[in-house]
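Summary of the model geometry
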Amino acid sequence: MFIREIKDILEADILACEELQDIQVTYGYGCDLMSDVLAFVRNDVILLTGLVHPQVIRTAEMLDIKAIAIIRGKKPSEELITMAKKRNIVLLTTRHSLFTASGLLYKNGLEGEEIAHDEATF
Amino acid sequence: MKLHFDVEGGEFITAGIASSKVKKTLKQLGISPNIIRKVSISMYEAEINMVIHANGGIIDVEITPENIDIQLVDDGPGIENLDLAMQVGYSTASKEAREMGFGAGMGLPNMKRHSDDMTITTEVGKGTKVHLAFKIHE
């Protein structure tokens, strides 16, 4: 799904890397736990999260996540926006909750990231 | 090639800078994306652990044509029960770390899963040494 479609579906504003709206992501992953993101995300996802801490951008950077949608209408700091720009990560913000935002994207065809392993077998 | 980093303790804003620099270096060296991803995830988890639990430390990275070796050394409190720490879901992280989305007890198992070899030596009251090794060719 193109980022510009995601922007429309979530009625979102783009805060960083607006010029990258034509890139595509295949999967979505909604989570406020960066530990879980690091453990479970494999594919090219958009990350939906309510966290607005710099470690969200760093986590995305480590996993080559191309886009982050900040949910619940939270406002990221200028520092966070600058960090996203430097790393070519599209940063969106939507007033929807995690449940609603995920549901809207899923309903419109974005797939959920498959959990690739059983954490008990680490 | 050898890289050295000093990691500040409790500095949650800057945690991850060393991992970010190593990732950029590996990209410049043309290492395969899959290996870069494994190194990045493991090193970032280890660096975050160092900040959260050990009040910082030092990281030394050595890149040869065959291997990537990462040594993280701290003089923090040490890990009381390593077997317990290796269990998924077990964590002694602070409230502050949890508010940032860490401390879910996934870090050490995730590092083990993504590295080709992981060795931890730790002594309570003295510190922890983590060695992560990766083969460049899969």
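A short tour of the structure in this document, coming up. These figures come from a predicted structure and were not determined experimentally.

Turning our eyes to something else, we now look at the overall build of chain B. Across its full length, chain B holds five helices and five strands. Each helix and strand of chain B, placed in order from N terminus to C terminus, yields the pattern β-α-α-β-β-α-α-α-β-β. Relative to a compact globule of 138 residues, whose C-alpha radius of gyration would be 14 Å, chain B shows 14 Å and is just as compact. Projecting the C-alpha coordinates of chain B onto the three principal axes gives extents of approximately 40 × 30 × 25 Å. Taking all 138 residues of chain B together, 49% fall into the buried category. In chain B, 64% of the contacts between residues at least 6 apart in sequence involve partners at least 24 apart. With the model as given, the accessible surface of chain B reaches about 6,700 Å², and the carbon-plus-sulfur share is 50%. Taken together, the 14 basic and 19 acidic charged side chains of chain B have centroids lying 6 Å from each other.

Extensive coverage of helix α3 (residues 54-62) of chain A is indicated by the burial of nine of its nine residues. At the exit of α3 of chain A stands D64 of chain A, carrying a positive phi of roughly 60°.

All names here are of chain A. Under the defined criterion, the tally for this structure stands at 10 salt bridges over all chains. For R4, the salt bridge is made with D22, and the minimal N-O distance between the two is 2.6 Å. Linking R4 in helix α1 (residues 3-9) with D22 in the loop between β1 (13-16) and β2 (27-30), this pair joins segments that are 18 residues apart in sequence. What makes R4 partly exposed here is its relative accessible area of 36%. The salt bridge involving R95 is made with E11; its shortest N-O contact spans 3.4 Å. Of this pair, R95 sits in the loop between β5 (90-93) and α5 (98-107) while E11 sits in the loop between α1 and β1; the two residues are 84 residues apart in sequence, bridging distant segments of the chain. Look at R95 and you get exposed, because its relative accessible area is 58%. Several salt bridges share partner residues, and in doing so they unite R58, E61 and R87 into one network.

With that out of the way, let us pick up helix α1 (residues 17-28) of chain B. Look at α1 of chain B: 17 Å from first C-alpha to last across 12 residues, which is about the 16 Å you get at 1.5 Å a residue. Listing the buried residues of α1 of chain B in full gives A18, S19, S20, V22, K23, T25 and L26 of chain B. Looking at the packing, one finds that the buried side of α1 of chain B touches α3 of chain A together with β1 (2-8), α2 (33-54), β2 (56-63) and β3 (67-74) of chain B. Among the residues trailing α1 of chain B, G30 of chain B stands out with phi positive, at a value near 75°.

Now for the packing of aromatic side chains. The full count for this structure, using the stated rule, is one aromatic pair over all chains. Between Y44 of chain B and F102 of chain B, the aromatic rings sit 6.2 Å apart at their centres with planes inclined by 70°, giving edge-to-face as the arrangement. Taken as a pair, Y44 of chain B in helix α2 and F102 of chain B in the loop between α4 (95-99) and α5 (107-114) lie far apart in primary sequence, 58 residues in all. Given a relative accessible area of 2%, F102 of chain B falls into the buried group. Here the guanidinium or amino end of R4 of chain A rests over the ring plane of F2 of chain A, the centre of that ring lying 4.4 Å away.

Looking now at the interface of chain B and chain A. Across the contact, 28 residues belong to chain B and 25 residues belong to chain A. Here chain B and chain A share an interface that buries about 2,200 Å² over both sides, 57% of which is from carbon and sulfur atoms. In this structure, the connection of chain B to chain A is made through one salt bridge. K23 of chain B is the partner of D64 of chain A in a salt bridge, and the nearest nitrogen-oxygen pair spans 2.7 Å. Summed over the shared surface of chain B and chain A, the result is 15 residue pairs in polar contact (both at pLDDT 80 or more). Listing elements by their share of the side of chain B that touches chain A, those giving two or more residues are α1, α2 and α5 of chain B. The element best represented in the side of chain B that touches chain A is α2 of chain B, accounting for six residues. Within the side of chain B that touches chain A, the residues separate by chemical class into 13 nonpolar, nine polar and six charged.

Parameters at a glance
Residues numbered from 1 in each chain as written. Chains lettered and ligands numbered in written order. Predicted model: local features only at pLDDT ≥ 70, side-chain atom pairs only at ≥ 80, totals over all residues. Heavy atoms only, no water. Helix = DSSP H or I, 4+ residues; strand = E, 2+ residues; numbered from the N terminus. Rg over C-alpha atoms; globule rule 2.2 N^0.38 Å. Buried < 20%, exposed > 50% of the residue type's maximum accessible area, 1.4 Å probe, protein only. Contact = heavy atoms within 4.5 Å. Areas by Shrake-Rupley, 256 points an atom, 1.4 Å probe, with all protein chains shown as cover. Lys, Arg positive; Asp, Glu negative; His and termini not counted. Charge placed at Lys NZ, Arg CZ, Asp CG, Glu CD. Salt bridge = Lys/Arg side-chain N within 4 Å of Asp/Glu carboxyl O. Expected span 1.5 Å × (residues − 1). Phe/Tyr/Trp six-rings, centres within 6.5 Å; stacked < 30°, edge-to-face > 60°. Lys NZ or Arg CZ within 6 Å of the ring centre and 35° of its normal. Buried area = accessible area lost by both parts, 1.4 Å probe. Polar contact = N/O pair within 3.5 Å; in protein donor to acceptor, adjacent residues only side chain to side chain. Nonpolar A, V, L, I, M, F, W, Y, C, P; charged D, E, K, R; others polar.

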